[in-house]
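The residues making up each chain are set out below.
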Protein chains: 2
Amino acid sequence: MSKQIATNITWHDSDVTAEERQGLTGQKGATLWMTGLSGSGKSTVAVALEQTLLKMGVNSYRLDGDNIRHGLNKNLGFSAEDRAENIRRIGEVAKLFADSTCIAVTSFISPYAADRDHVRELHEEAGVPFFEVYVSCPLSVAEERDPKGLYKKARAGEIKGFTGIDDPYEEPTRAELELPTDKLSVAESVQKLLELLVDRGLIDAS
Amino acid sequence: MSKQIATNITWHDSDVTAEERQGLTGQKGATLWMTGLSGSGKSTVAVALEQTLLKMGVNSYRLDGDNIRHGLNKNLGFSAEDRAENIRRIGEVAKLFADSTCIAVTSFISPYAADRDHVRELHEEAGVPFFEVYVSCPLSVAEERDPKGLYKKARAGEIKGFTGIDDPYEEPTRAELELPTDKLSVAESVQKLLELLVDRGLIDAS
């Protein structure tokens with residue numbers, strides 16, 4: 001009832017600044033925005049990166065279809081307007097995680113350049129680091145992998161507006177990093193992402 | 001170029017489980033949902049709690065009007081539908097933060113019991129701890145504090161649908177904690193929140 005916990009801690013009335021927070025958590029946040037075709041390997045790389053960072057003691061959190069589509073964005077469909085809103089909301093949430101000093105890793109096809117650019121702007125306006133990561137592979141390779149059987153369904157006309165088949169994928173023109181997953185192993189991709197984070201002063205190489 | 005970083009770390013293909021994540025970050029997440037009238041002291045207490053937790057080495061992040069209203073929820077107005085969607089989205093984002101092992105602290109009037117109950121259900125379904133915290137004070141006290149001059153405007157009819165004046169505040173009936181801020185200091189309120197977190201095994205008393 002009268003346990004005295006942390007009574008020696010004082011606070012100020014105003015918000016915690018970004019610098020204060022970084023000092024207290026001992027890390028800096030950023031958004032790594034993985035974009036690419038279905039089957040390009042976004043999720044595989046994102047899963048491996050998240051685990052690697054967590055094991056290095058760096059807080060990281062992944063936003064993907066599993067925790068977004070059935071939650072925050074469950075009231076969105078596949079109209080052009082809803083697709084843009086889908087990416088906007090994910091961008092806003094990633095920005096909040098990055099602001100909290102977490103390394104947010106998003107894993108969504110996000111095929112339209114305008115939507116990705118909008119998310120980049122949201123981060124720039126807030127002074128939060130944002131890195132567009134193009135997880136690339138030829139369509140033929142992605143279609144051969146077809147981990148969820150979606151290309152087969154799209155070719156059969158069972159899915160309409162599928163990226164790469166009857167809807168465009170607009171390749172990034174200013175991605176901070178490209179990961180050609182038809183040439184790189186998962187380990188090599190993770191390595192390149194870690195190098196990016198070290199180079200930008202977001203994590204420590206040691 | 002060929003810096004070798006963390007090459008000794010291995011990963012598995014599947015998602016990080018909640019238990020694994022808790023083991024790696026060394027903490028457990030939860031949502032503390034602060035609800036109460038405008039001027040009840042929600043934000044003051046939330047700001048103090050966030051700082052206290054961060055200084056204790058516990059990752060915490062606050063969701064409030066400043067980082068939500070102009071970001072994720074900037075496309076929402078004040079219709080009944082939009083108000084419900086506002087709270088739903090905040091609930092979904094808090095759940096994600098709590099899932100990441102962060103102590104998410106939300107600070108919104110959230111006047112309707114149905115909306116708060118819905119957020120509670122979202123957390124229960126996901127197995128994520130949720131605590132409703134009723135930051136209470138008599139309307140007369142909140143109105144006298146009137147930190148943003150909003151009650152004055154509402155009384156003058158310049159703001160319509162203002163909670164407590166011409167829109168109801170539905171008091172929580174099953175809040176895990178009530179903080180009567182007309183009787184408790186900020187320090188005492190923070191203390192009670194820390195006790196709740198210790199009692200529920202979410203943070204360490206030491």
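A. Quick look at the overall build of chain A. Within chain A one finds eight helices and five strands. When the helices and strands of chain A are placed in sequence order, the string is α-β-α-β-α-α-β-α-β-α-α-β-α. Its C-alpha atoms give chain A principal-axis dimensions of about 65 × 40 × 35 Å. The buried share among the 206 residues of chain A stands at 46%. Partitioning the intrachain contacts of chain A with sequence separation of at least 6 by distance along the chain shows that 75% fall at a separation of at least 24.

B. Examining the environment of Lys55 of chain A more closely. All names here are of chain A. Here Lys55 shows up in helix H2 (residues 42-55). According to the C-beta neighbour criterion, Lys55 is partly exposed, with 17 such atoms within 10 Å. Residues Lys55 and Lys192, 137 residues apart in the sequence, show an inter-C-alpha distance of 17 Å.

C. Spatial organisation of the sheet that holds strand E3 (residues 103-107) of chain B. Residue and element names in this part refer to chain B. With parallel pairing, the five strands of this open sheet are ordered in space as E2-E3-E1-E4-E5. Each edge of the open sheet is held by one strand with a lone partner, namely strand E2 (60-64) and strand E5 (177-180). With strand direction ignored, the average angle separating the axes of adjacent strands in the sheet is 20°. Its contacts with the sheet put helix H5 (residues 113-126) on strand E1 (30-35) and strand E4 (130-136), and the angle it makes with E4 is roughly 155°.

D. Focus on the packing of helix H3 (residues 65-72) of chain A against helix H4 (residues 80-99) of chain B. Across the interface, H3 of chain A lies against H4 of chain B with an axial gap of 10 Å and an inter-helix angle of 155°. In this view, H3 of chain A runs roughly antiparallel relative to H4 of chain B, as classed from their interaxial angle. Once H3 of chain A is placed against H4 of chain B, the crossing between them reads as right-handed. Residues Asn67, Gly71 and Leu72 of chain A of H3 of chain A lie in contact with H4 of chain B, whose contacting residues are Arg89, Glu92, Val93, Lys95 and Leu96 of chain B.

E. Structural context of the nonpolar core. The biggest cluster of nonpolar side chains holds 94 residues, and the ones touching the most others in it are Val93 and Ala104 of chain A together with Val93 and Ala104 of chain B. Setting aside chain neighbours within four positions, we find Val93 of chain B in contact with Leu72, Val93 and Leu96 of chain A together with Leu63 and Leu72 of chain B.

F. Structural detail: the relation of the copies chain A and chain B. Of the transformation placing chain A onto chain B, the axial shift is 0.0 Å and the rotation is 180°, giving an RMSD of 0.0 Å. Expressed as an axis order, the relation between the two copies is that of a two-fold axis. Comparing interface residues between copies, 100% of those in chain A also sit at the interface in chain B, which points to an isologous, same-surface contact.

G. Summary view of the sheet that holds strand E4 (residues 130-136) of chain A. Residues and elements named next belong to chain A. Strand order in the open sheet made by the five strands is E2-E3-E1-E4-E5, with parallel pairing throughout. Two strands close off the open sheet at either side, each with one partner strand: strand E2 (60-64) and strand E5 (177-180). Sheet twist, expressed as the mean angle between neighbouring strand axes with direction ignored, is 20°. For E4 and E5, the ladder comprises four bridges, and the chain directions are parallel. In the strand pairing of E5, Ser136 is matched with Pro180. Along the sheet, helix H4 (residues 80-99) contacts strand E1 (30-35), E2 and strand E3 (103-107); its crossing angle with E3, the most-contacted strand, is approximately 160°. Contacts between helix H5 (residues 113-126) and the sheet are confined to E1 and E4, with E4 contributing the most and set at about 155° to the helix.

H. Representation of the interface of chain A and chain B in the model. Contacts between the two partners involve 36 residues from chain A and, on the opposite side, 36 residues from chain B. Looking at the side of chain A that touches chain B, the elements that each hand over two or more residues are helix H1 (18-25), H2, H3, H4 and helix H8 (186-199) of chain A. Among the elements that take part in the side of chain A that touches chain B, H2 of chain A stands out by supplying seven residues, more than any other. Looking at the side of chain A that touches chain B residue by residue, the class counts come to 18 nonpolar, eight polar and 10 charged.

I. Seen up close, unusual backbone geometry. Residues and elements named next belong to chain A. Even without being a glycine, Thr101 presents a positive backbone phi close to 80°. Topologically, Thr101 is positioned in the loop between H4 and E3. The exposure class of Thr101 is buried, given the 23 C-beta atoms found within 10 Å. In this structure, Asp146 takes a positive phi of about 30° despite not being glycine. Structurally, Asp146 can be placed in the loop between helix H6 (139-145) and helix H7 (150-155). A tally of 15 C-beta atoms within 10 Å means that Asp146 is categorised as partly exposed.

J. Molecular detail of the confidence of the model for chain A. With 95% of its residues at a pLDDT of 70 or more, chain A has an overall mean of 92. With a pTM of 0.94, the predicted complex shows an ipTM of 0.94.

K. Spotlight on the environment of Phe162 of chain A. All names here are of chain A. Topologically, Phe162 is positioned in the loop between H7 and E5. Taking the C-beta count within 10 Å as the criterion, Phe162 has 18 such neighbours and is therefore assigned partly exposed. Separated by 124 residues in the primary sequence, Phe162 and Ser38 have C-alpha atoms spaced 9.1 Å apart. Among residues more than four places away in sequence, those in contact with Phe162 are Leu150, Ala154 and Asp167.

L. Focus on the pairing of E2 of chain A. All names here are of chain A. Counting buried residues in E2 gives four out of five residues, a clear majority hidden from the surface. In the sheet, E2 pairs with E3 via five bridges, with the strands oriented parallel. If you follow Tyr61 over to E3, its bridge partner there is Ala104.

Parameters and conventions
- Residues numbered from 1 in each chain as written.
- Chains lettered and ligands numbered in written order.
- Predicted model: local features only at pLDDT ≥ 70, side-chain atom pairs only at ≥ 80, totals over all residues.
- Helix = DSSP H or I, 4+ residues; strand = E, 2+ residues; numbered from the N terminus.
- Buried ≥ 20, exposed ≤ 12 C-beta atoms within 10 Å, placed from the backbone.
- Contact = placed C-beta atoms within 7 Å.
- Pairing = 2+ DSSP bridges.
- Axes fitted to C-alpha atoms, helices over the stretch in contact; angles between N-to-C directions.
- Parallel < 35°, antiparallel > 145°, perpendicular 65-115°, else oblique.
- Left-handed = near helix turned anticlockwise from the far one by under 90°.
- Core = buried A, V, L, I, M, F, W, Y, C linked by C-beta atoms within 7 Å.
- Least-squares fit on C-alpha atoms with pLDDT ≥ 70 in both.
- Nonpolar A, V, L, I, M, F, W, Y, C, P; charged D, E, K, R; others polar.
- pLDDT = per-residue confidence, 0-100.

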